[in-house]
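Given next are the chains, with one letter for each unit.
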Amino acid sequence: MKGKNKLSYKILFSYADGLKKFLFISAVATVLRVFVNFITPQVIRITVDSVIGDKPMNFISPIMNLIDSIGGRQGLRENIWISAVAVLILAVITCICDYIGRVTIAKGSEGIIKNIRNGLYEHIQKLPYHWHVKNQTGDIIQRSTSDVEVVRNFISTQLAEMFRTIMLIIVSLTLMFSMNFKLTSIVLIFVPIIIIYSSIFYGILSRKFLVADEAEGDLFSAAQENLTGVRVVRAFGREKYEIERFSKKNRDFSDLWVKLGYQLGYYWGLGDLVTGFQVMTIICVGVIQASNGVITLGEFLVFVSYNSMLAWPVRSFGRILGEMSKTKVSVTRICEVLNEPVEDDEPDNISVDMNKDIEFKNVSFKYEGPVPVVSDISFKIKAGTTFAILGGTGSGKTTLMHLLNRLYDLPENSGTITIGGVDIRKIKRDYLRSNIGMVLQEPFLFSRTIKQNISIVNPDAEIDEIKHISEIAHVDEAIENFSKGYDTVVGERGVTLSGGQKQRVAIARMLLQQTPIMVFDDSLSAVDSETDSKIRSALKESRKNSTTILISHRITTLMQADMILVLDKGKVVDLGTHEDLINHSGIYKSIYDVQMNISDDSSLS
Ligand SMILES: Nc1ncnc2c1ncn2[C@@H]1O[C@H](COP(=O)(O)OP(=O)(O)OP(=O)(O)O)[C@@H](O)[C@H]1O
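Residues numbered from 1 in each chain as written. Predicted model: local features only at pLDDT ≥ 70, side-chain atom pairs only at ≥ 80, totals over all residues.

Asks: Teacher, can you tell me more about the overall build of the protein here?
Replies: Of regular secondary structure, the protein possesses 22 helices and ten strands. For 605 residues, the compact-globule estimate of 2.2 N^0.38 gives 25 Å, and the protein exceeds it by more than 25% at 37 Å. Counting only C-alpha atoms and orienting by the principal axes, one finds that the protein spans roughly 120 × 55 × 55 Å. Taken across its 605 residues, the protein has 28% of its residues classed as buried. Counting contacts in the protein only where the partners sit at least 6 residues apart, residues at least 24 apart contribute 77% of the total. (Helix = DSSP H or I, 4+ residues; strand = E, 2+ residues; numbered from the N terminus. Rg over C-alpha atoms; globule rule 2.2 N^0.38 Å. Buried ≥ 20, exposed ≤ 12 C-beta atoms within 10 Å, placed from the backbone. Contact = placed C-beta atoms within 7 Å.)

The following block contains the structure:
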């Protein structure tokens, strides 16, 4: 997956539509909270210097009037609780700002993340099949979950914290400078030291966290692979080997976290030492200045208080920078997916009558490798007939079907595929696919009930209709034998169906789609010959007008087809009816002889 096109932050910003107001309110609440935090020490300063002490009060006239009305300085001294109430009111305002800030950032960030998750999922659904083939499922899942989680954490926590930290540093330094230049200069010497120290340390720790994350992923993959392949493990008696393999990974994982624990210990310990040294220096110089009368006792208290309020944001700055780089990696990984072009139809693509002849003309195709998988393939399938394709493994049968339903598009000058004379590249993809029913050799069933699996293309289908098509697919009896019948859950949460039962459920699912074209890609391979024959007769009876394409290695499945195509190494080697093909020597005749036990020493494909 390569990153390209639109810039990452622009893409993510587009998911914040209608939610920016929450981020704005949260920012305002944060600013207010920071200011109130800084006012509280000032109340203490005034109480110490001007209420308990004799320093003049310089307030605006409405406040002076208010103080005069309660008896001036003497009144305040006799009612010292007023200062305490002022501190309490500021604490309540801080509390309200904190509440509003947290609620709004949660609304904003969760909304943005919900939009990103939905957008990502929708985008992935629309990406071309070859993209899914090229990219590992685990990696796509990780981008859609863990990476989104990192971004969520950043917006909901780090972003607000970063904003608050910057505000705190700016406001506290400004106030401190306005109060005492010399003391603030000493503070300033320590600020870059602490930021650089924590940035470097956090950079190192981030890499270690990444290694620990990967080790965790490795551990989970080992467990998942073992559980998925439990049958193979048991069959080959590999339990001891698997246990040792898991414990080694588990040990490596634990060791990494213990090492990280040590390093975090150094980081916080050394950080505390540097910060403690800074606080001690400020207290010493402050005490000297206060005893020399350069600053008042109240100013000293305020300064010490501002200095400790500054310590935490300065220390967390390095961590936030580290988190930001982690977030950047995740944002890039998410945007790499979002930047991949989706499968879009040309605006002039059309819908056509699909009950028409299908024609492959000089079709050649290669995947990413240099060698064509199919070359110069030409044949015609008459509408409403049964067409069979026979060929050795890897001869390109499935590839032809991938091309027919446009999972891969034929490049220019590589031949054409037409339905009723219309090039399929001019037909809307969705329309084309919903009119070509496909049953694959290894069908995928969802971990839902059999009824839900069959009616996936039409969730409103009546149970009678589902039963009827299940009878055609010869699976009704097997389903009824389960205690919960059609409500039996299949897959991980329920019963395991046999290969043949799965194939027949998939056939029923396709039949419910009622498509004019049906493709059976080796989809009766796990069914015995007799059932195979019964299914085909029932199909012929019920879907007289459909065009059927049968791919199989079994001659008995193909022999009644109206036309049979024989492929070898991506080329057409024969085309004709069963009678035509057994009347001359060739691959078909050889396979026929072997499978019917008529054989001589024929060569198989
Ligand atoms: N997505 C893909 N990317 C690259 N090569 C592929 C891809 N799919 C199939 N191939 C290759 O193309 C060739 C033809 O594969 P295809 O699946 O069409 O054969 P097939 O005749 O259907 O085989 P089988 O009977 O075993 O299912 C094979 O060599 C296969 O490895």
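Asks: I keep staring at the site of the ligand and nothing clicks. Help me out?
Replies: Around the ligand, the surrounding shell consists of Val 133, Tyr 367, Val 373, Gly 391, Thr 393, Gly 394, Ser 395, Gly 396, Lys 397, Thr 398 and Thr 399. Element by element, the count of residues in the shell around the ligand is highest for helix α13 (residues 397-404), at three residues. Across the shell around the ligand, the residue classes tally to three nonpolar, seven polar and one charged. (Near = placed C-beta within 6 Å. Nonpolar A, V, L, I, M, F, W, Y, C, P; charged D, E, K, R; others polar.)

Asks: What should I look at first to understand the sheet that holds strand β8 (residues 547-551) in this one?
Replies: Across a sheet, strands are paired by hydrogen bonds formed along the backbone, either parallel or antiparallel in direction. The six strands are arranged β6-β7-β8-β3-β9-β10 in an open sheet whose pairing can be described as mixed. Each end of this open sheet is capped by a strand with a single partner; those strands are β6 (436-439) and β10 (571-576). Averaged over all pairs of adjacent strands, the angle between their axes in this sheet comes to 15°, without regard to strand direction. In this sheet, strand β7 (residues 517-521) lies alongside β6 in parallel orientation, the contact comprising four bridges. When the sheet's bridge partners are listed, Ile 436 is paired in β7 with Ile 517. The sheet contacts of helix α18 (residues 499-512) involve β6 and β7, and relative to β6 the element is tilted by about 175°. (Pairing = 2+ DSSP bridges. Axes fitted to C-alpha atoms, helices over the stretch in contact; angles between N-to-C directions.)

Asks: Before we go on, may I ask you to explain helix α22 (residues 587-595) in this structure?
Replies: Spacing of three or four residues puts side chains on the same side of an α-helix, whose turn is 3.6 residues. Listed as buried for α22 are Ile 587, Tyr 588, Ile 591 and Tyr 592. For α22, the angular spread of buried residues about the axis comes to 130°, placing them on one side. In the core, the buried residues of α22 are packed alongside β3 (386-391), α20 (555-558), β9 (563-568), β10 and α21 (578-582). Where α22 terminates, the next one or two residues include Asn 597, which has phi positive at roughly 60°. (Arc of directions from axis to C-beta.)

Asks: Any chance you could explain the packing of helix α9 (residues 181-228) against helix α11 (residues 239-291) here in plain terms?
Replies: Helix-helix packing is described using two parameters, namely the angle between the two axes and the distance between the axes. Closest axis-to-axis distance for the α9/α11 pair is 10 Å, and the angle between their directions is 170°. As the angle between them shows, α9 and α11 are arranged roughly antiparallel. Across the contact of α9 with α11, the residue classes break down as 25 nonpolar, nine polar and seven charged. (Parallel < 35°, antiparallel > 145°, perpendicular 65-115°, else oblique.)

Asks: Before we go on, may I ask you to explain α9 in this structure?
Replies: End to end, α9 covers 68 Å across 48 residues, agreeing with the expected 70 Å (1.5 Å per residue, within 8%). Every buried residue belonging to α9 is among Leu 183, Thr 184, Val 187, Phe 190, Ser 198, Phe 201 and Tyr 202, and all of these are buried. Buried residues along α9 sit in contact with α8 (146-179), α11 and α12 (297-338). (Expected span 1.5 Å × (residues − 1).)

Asks: When you look at the nonpolar core in this model, what are you seeing that I'm missing?
Replies: Where a protein is soluble and globular, its nonpolar side chains tend to be buried together. Judged by nonpolar contacts, the single largest core of 64 residues is most densely connected at Ala 388, Ala 473, Ile 507, Ala 508, Leu 511, Ile 564 and Tyr 588. The element that contributes the greatest number of residues to this core is α18, accounting for seven residues. Split by domain, the residues of this core number at least three in each of domain 2 (350-435 + 515-530 + 542-605) and domain 3 (444-514). Among residues more than four places away in sequence, those in contact with Leu 511 are Ile 469, Ile 472 and Ala 473. Residues Met 176, Val 187, Met 309 and Phe 317 belong to the second largest nonpolar core, which totals 19 residues. (Core = buried A, V, L, I, M, F, W, Y, C linked by C-beta atoms within 7 Å. Domains from an automatic or database assignment.)

Asks: Just checking my understanding: could you explain the UniProt feature "domain: ABC transmembrane type-1" (unreviewed entry) in the protein for this structure?
Replies: Within the UniProt annotation, "domain: ABC transmembrane type-1" (unreviewed entry) is assigned to residues 24-326. Between the C-alpha atoms that bound residues 24-326 the distance is 24 Å, and the span itself is 91% helix and 0% strand. (UniProt positions renumbered as here; feature names shortened; annotations may be inferred.)

Asks: Looking at this model, I keep getting lost on the packing of helix α16 (residues 463-472) against α18. Mind explaining?
Replies: At a closest axis distance of 8 Å, the pairing of α16 and α18 adopts a crossing angle of 125°. Judged by the inter-axis angle, α16 sits oblique to α18. Considering the relative orientation of α16 and α18, their crossing is right-handed. Each of Ile 466, Ile 469, Ser 470 and Ile 472 in α16 lies in contact with α18, whose residues at this interface are Ala 508, Leu 511 and Leu 512. By residue class, the composition of the contact of α16 with α18 is six nonpolar, one polar and no charged. (Left-handed = near helix turned anticlockwise from the far one by under 90°.)

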